[in-house]
Amino acid sequence: MIDLRSDTVTRPSPGMRRAIAEAEVGDDVFGDDPTVNRLEAVVAERLGKQAALFVPSGTQSNLCALMAHCGRGDEYIAGESAHTYRYEAGGGAVLGSIQPQPVRMFDDGLPDPDHIAAVIKPDDSHFARTKLLCLENTKDGMVQSIERMKLAVDVGHRHGLALHLDGARMWNAIVALGVSADDFVAPFDTVSMCLSKGLGTPVGSVLSGSSELIAEARRVRKMLGGGLRQAGMLAAAGLYALDHNIDRLADDHARAEALAAGLGAIPEITVTSLATNMVFIDIEGASPELQNRLEDLGVLARVSSSPARLATHLDISDDDVEATIEAFGRALSVS
Ligand SMILES: *Cc1c(COP(=O)(O)O)cnc(C)c1O
C-alpha cells in the first residue's frame with residue numbers, strides 16, 4: 001500500500017533495524033544506557049543546548065516542557081490550533097494545572113504577536129501568572145523563517161516569558177530554509193523534536209534545553225510514566241535517523257511538489273496548501289466511498305472529507321507519487 005495518511009507510518013529501514021539490533025543498552029532510569037546517553041548528547045550538541053532528554057512521544061515531550069517551565073496556576077500561551085493547545089488532550093491543564101491561553105495565528109502558523117502582547121497578564125492576584133510562550137514550526141507543513149519567528153519571540157522576551165518550540169517537524173523547516181539547526185532553535189529555552197515522523201524511527205522524541213530545565217523535565221517524565229529501561233534499542237534508531245534521514249527530507253518536499261502538481265491537474269481537485277512534505281487538497285466528491293476506492297487501488301489517504309491532508313515520507317518513492325496521481329484520477333472518474 002502507498003500510505004499518505006501521515007509521515008508517522010514509516011517502517012524502520014534495514015539499516016535502522018541493524019542499528020536497533022546492535023544497540024548497546026543499560027537501564028536508562030539509572031542513567032546507564034550508553035546509547036540513550038549518546039543520543040541525548042548528540043541532540044544537545046547539534047542544537048547548541050546544554051542537555052537533552054529522550055522521551056516516548058512528542059506529546060510527552062511537550063508536556064514535560066510545559067511542566068518544567070510552569071507550576072500550578074501558571075499560564076502558557078500557544079496558537080489556537082497549535083498542537084500544545086489543541087491536540088494533546090489538555091494535558092497541561094489536566095496533569096500540570098497550567099492554564100492554556102490560546103491566541104490567533106497567522107496563515108503560516110505564527111501566533112499573532114499583537115494578540116500575544118494583549119493576553120500577557122500583569123502581576124495581579126486576579127490573574128494566572130503568564131510564564132511561557134509556545135511556538136510550533138513547521139505547522140501543517142508550513143515553515144516560519146527565523147525572522148518570522150522572531151516577531152513572536154521578541155514579544156515573549158520583552159515580557160520575560162520562557163520560550164518553547166514544538167519542533168515535532170522542525171527538521172523539515174531547517175532543511176527547507178537551509179539554515180543551521182542551532183541558529184533555528186537559538187531563541188528557545190526548550191525545544192521538542194520528533195524522531196518518529198519524517199526521520200522515520202518507530203518511537204521517540206527528544207526535548208532539549210538548559211541542564212536545569214532538562215533535570216526538571218526528567219523528573220516530570222518519570223512522573224508521567226515515561227522512564228524507560230533498555231531504551232537504547234529505540235535511541236539507536238534515533239541516532240541512525242540523525243545520521244541518515246535529515247538531508248533526504250528535501251526529497252520528501254520535492255515529492256510533495258510533484259504530488260501537488262499532478263493532483264492539481266485533476267479537475268475535481270484543488271490544492272489549497274503545499275508546504276514541505278504536506279499537501280492539502282479540496283476534493284469535489286470527497287466521501288468514504290472515494291476513500292475505499294482509493295484503497296482498492298492501493299492508496300491509503302484520508303479523503304472522506306475536505307480538506308484532505310497527504311504527507312510524503314521515507315517510504316514514498318517517485319513511482320508511488322505517479323501511482324497515487326493515477327489512482328486519484330481513476331477513483332474520481334468512477335464517481
Ligand atoms: C505529532 C506532533 C506532536 C506529538 O507527537 P506524538 O509523538 O504523536 O505524541 C506534537 N506536535 C506536533 C506539531 C506534532 O505534529
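Not measured: the values here are computed from a predicted model.

Time to look at the packing of helix 12 (residues 249-264) against helix 14 (residues 318-334). Their axes nearest at 9 Å, the elements helix 12 and helix 14 cross at an angle of 20 degrees. On the basis of their axis angle, the class for helix 12 and helix 14 is roughly parallel. Our pair here, helix 12 against helix 14, has a crossing hand that is right-handed. Here helix 12 contributes R255, A258, L259, G262 and L263 to the contact with helix 14, which in turn contributes D318, V321, T324, I325 and F328.

As summarised here, the arrangement of the 7 strands in space is 2-8-7-6-5-3-4, forming an open sheet in which the pairing is mixed. Each edge of the sheet is formed by a strand with only one pairing partner; in this case those strands are strand 2 (51-55) and strand 4 (99-103). Ignoring which end each strand starts from, the neighbouring axes of this sheet average 20 degrees apart. As paired elements, strand 2 and strand 8 (residues 205-209) share 5 bridges and run antiparallel to each other. Considered in strand 8, the bridge of L53 is made with L207. Running at roughly 130 degrees to strand 2, helix 2 (residues 34-47) makes contact with strand 2, strand 7 (190-194) and strand 8 of the sheet.

With that settled, the discussion passes to helix 8 (residues 170-177). Residues that lie three or four places apart on an α-helix share one face, since the helix turns once every 3.6 residues. Taken together, the buried positions of helix 8 are M170, W171, N172, A173 and I174. Where helix 8 terminates, the next one or two residues include G178, which has phi positive at roughly 65 degrees.

Right, let's talk about empty space enclosed by the protein for a bit. Going through the model one piece at a time under the given rule, you end up with 1 cavity of 30 Å³ or more. The space that makes up the largest cavity amounts to roughly 40 Å³. Lining the largest cavity are A168, R169, W171, N172, C194, K197, G198, L199 and L249. In terms of residue class, the lining of the largest cavity is made up of 5 nonpolar, 2 polar and 2 charged.

Judged by pairing direction, the sheet is antiparallel, and its 3 strands sit side by side in the order 9-10-12 without closing on themselves. Looking along the sheet, the strands with just one partner apiece sit at the ends: strand 9 (269-275) and strand 12 (308-311). Taken pair by pair, the neighbouring strands of this sheet meet at an average axis angle of 25 degrees, ignoring direction. Bridging between strand 10 (residues 278-283) and strand 12 involves 4 bridges; their strand directions are antiparallel. Directly across from V279, in strand 12, lies its bridge partner L310. Of the strands in this sheet, strand 9, strand 10 and strand 12 are in contact with helix 12, which crosses strand 9 at around 165 degrees.

What follows concerns unusual backbone geometry. Here the bond from N137 into T138 is cis, since omega is 5 degrees, no more than 30 degrees from zero. Within the element layout of this structure, T138 appears in the loop between strand 5 (129-136) and helix 7 (146-158). Here the residue pair S306 and P307 is connected by a cis peptide bond, since its omega of -5 degrees sits within 30 degrees of zero. Mapped onto the secondary structure, P307 falls in the loop between strand 11 (299-300) and strand 12. Positive phi outside glycine occurs at D140, with the angle close to 50 degrees. Structurally, the position occupied by D140 is in the loop between strand 5 and helix 7. Exposure remark for D140: the relative accessible area of 38% places this residue in the partly exposed category. Unusually for a residue other than glycine, T276 sits at a positive phi of about 45 degrees. You can see T276 is positioned in the loop between strand 9 and strand 10. With relative accessibility at 10%, the residue T276 sits in the buried group.

Here the focus is the domain arrangement of the chain. Along its sequence, the chain is organised into domain 1 (14-244) and domain 2 (248-333). A C-alpha centroid distance of 30 Å is found between domain 1 and domain 2. On the side of domain 2, 11 residues touch domain 1, which itself brings 14 residues to the contact. Both sides together, the interface formed by domain 1 and domain 2 hides about 970 Å², and carbon and sulfur atoms give 64% of it. Area buried by domain 1 at its contact with domain 2 is led by D140, R169 and N172, which between them contribute 41% of it. Joining domain 1 to domain 2, the criterion identifies 0 salt bridges. Across the contact surface, domain 1 and domain 2 share 2 residue pairs in polar contact (both at pLDDT 80 or more). Counting residues per element, the side of domain 1 that touches domain 2 draws most heavily on helix 8, which supplies 4 residues. Each residue belonging to the side of domain 1 that touches domain 2 can be placed in one class, and the counts come to 6 nonpolar, 6 polar and 2 charged.

Basis of the calculations
- Residues numbered from 1 in each chain as written.
- Predicted model: local features only at pLDDT ≥ 70, side-chain atom pairs only at ≥ 80, totals over all residues.
- Heavy atoms only, no water.
- Axes fitted to C-alpha atoms, helices over the stretch in contact; angles between N-to-C directions.
- Helix = DSSP H or I, 4+ residues; strand = E, 2+ residues; numbered from the N terminus.
- Parallel < 35°, antiparallel > 145°, perpendicular 65-115°, else oblique.
- Left-handed = near helix turned anticlockwise from the far one by under 90°.
- Contact = heavy atoms within 4.5 Å.
- Pairing = 2+ DSSP bridges.
- Buried < 20%, exposed > 50% of the residue type's maximum accessible area, 1.4 Å probe, protein only.
- 1 Å grid on protein atoms, 1.4 Å probe; cavity = no way out; pocket = protein on both sides within 12 Å on 5 of 7 lines; lining within 4 Å.
- Points joined across faces, edges and corners; volume = space filled by probe spheres on them.
- Nonpolar A, V, L, I, M, F, W, Y, C, P; charged D, E, K, R; others polar.
- Domains from an automatic or database assignment.
- Buried area = accessible area lost by both parts, 1.4 Å probe.
- Salt bridge = Lys/Arg side-chain N within 4 Å of Asp/Glu carboxyl O.
- Polar contact = N/O pair within 3.5 Å; in protein donor to acceptor, adjacent residues only side chain to side chain.

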